[in-house]
Amino acid sequence: IAALEAELKYVRQIARLLGPEGIQGEMAKRISGALEKEVNEALKLINADFEFTIDLSGARFLMGWNRDGKVIPFKTINSAHFVLFIVPFLAVILSRMGRIREREGLATLKVLCIEAESMTAANLSALLKGLSLMKAKGYLDNVLVAHYSSIRDPEKLHGFKEHILTEEGEE
């Protein structure tokens, strides 16, 4: 029994060192911090006042809009703000995947297609400008934004326009 208790003590020490409160937790904090920083750099291209955050302090992984120090999760914000926040997040993830594939000698194409239903003119303009800047900075190779208005009825779809972006702006 003494040998088993000594082994259990040793296993607990290893779990503390390597587990969520140890090396794994430290790695997760550093990785999420780097991702948060990169997403915020891309987000600032759309709206300088917005801030993306990743919160690992609670029992759950939480990411969303940092509004005055409070995290507003993506799932609770309105659709226009969701698009404005998720686009830089996806652009950063695509860019990271592209860099990994390039290092491995694999082909890559970083493309983002967005359905921007019924966004206000100001939000759509900010999104298109930000995406053009993200493309110019190398986050993305190609971007297509489909914008239209509807009343939740496919028969009443109107104002459909596709925006294909270049580094200089919209084609």
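Above this text is the structure in question.
Residues numbered from 1 in each chain as written. Predicted model: local features only at pLDDT ≥ 70, side-chain atom pairs only at ≥ 80, totals over all residues. Heavy atoms only, no water.

**Thoughts on a nonpolar patch on the surface**
A cluster of nonpolar side chains, contributed by Tyr10, Val11, Ile14, Leu17, Leu18, Ile23, Met27 and Ile31, occupies part of the molecular surface with about 780 Å² of accessible area. Taken together, the elements giving at least two residues each to the nonpolar patch come down to helix 1 (2-18) and helix 2 (23-43). The element contributing the most residues to the nonpolar patch is helix 1, with five residues. With respect to the secondary-structure elements, Val11 resides in helix 1. You can call Val11 partly exposed: its relative accessible area is 45%. (Patch = residues over 30% accessible without salt bridge, like charges linked within 9 Å, V, L, I, M, F, W, Y side chains within 5 Å. Areas by Shrake-Rupley, 256 points an atom, 1.4 Å probe, with all protein chains shown as cover. Salt bridge = Lys/Arg side-chain N within 4 Å of Asp/Glu carboxyl O. Helix = DSSP H or I, 4+ residues; strand = E, 2+ residues; numbered from the N terminus. Buried < 20%, exposed > 50% of the residue type's maximum accessible area, 1.4 Å probe, protein only.)

**As for the sheet that holds strand 3 (residues 70-73)**
Pairing between the strands of a sheet is mediated by backbone hydrogen bonds and can be parallel or antiparallel. Strands sit in the order 1-2-3 across an open sheet of three strands; the sheet is antiparallel. The sheet is open, and its two edges are formed by strand 1 (52-55) and strand 3, each paired on a single side. Ignoring which end each strand starts from, the neighbouring axes of this sheet average 50 degrees apart. Where strand 1 and strand 2 (residues 62-67) come together, four bridges link them in antiparallel fashion. Its bridge partner being in strand 2, Asp55 is matched across the sheet by Leu62. (Pairing = 2+ DSSP bridges. Axes fitted to C-alpha atoms, helices over the stretch in contact; angles between N-to-C directions.)

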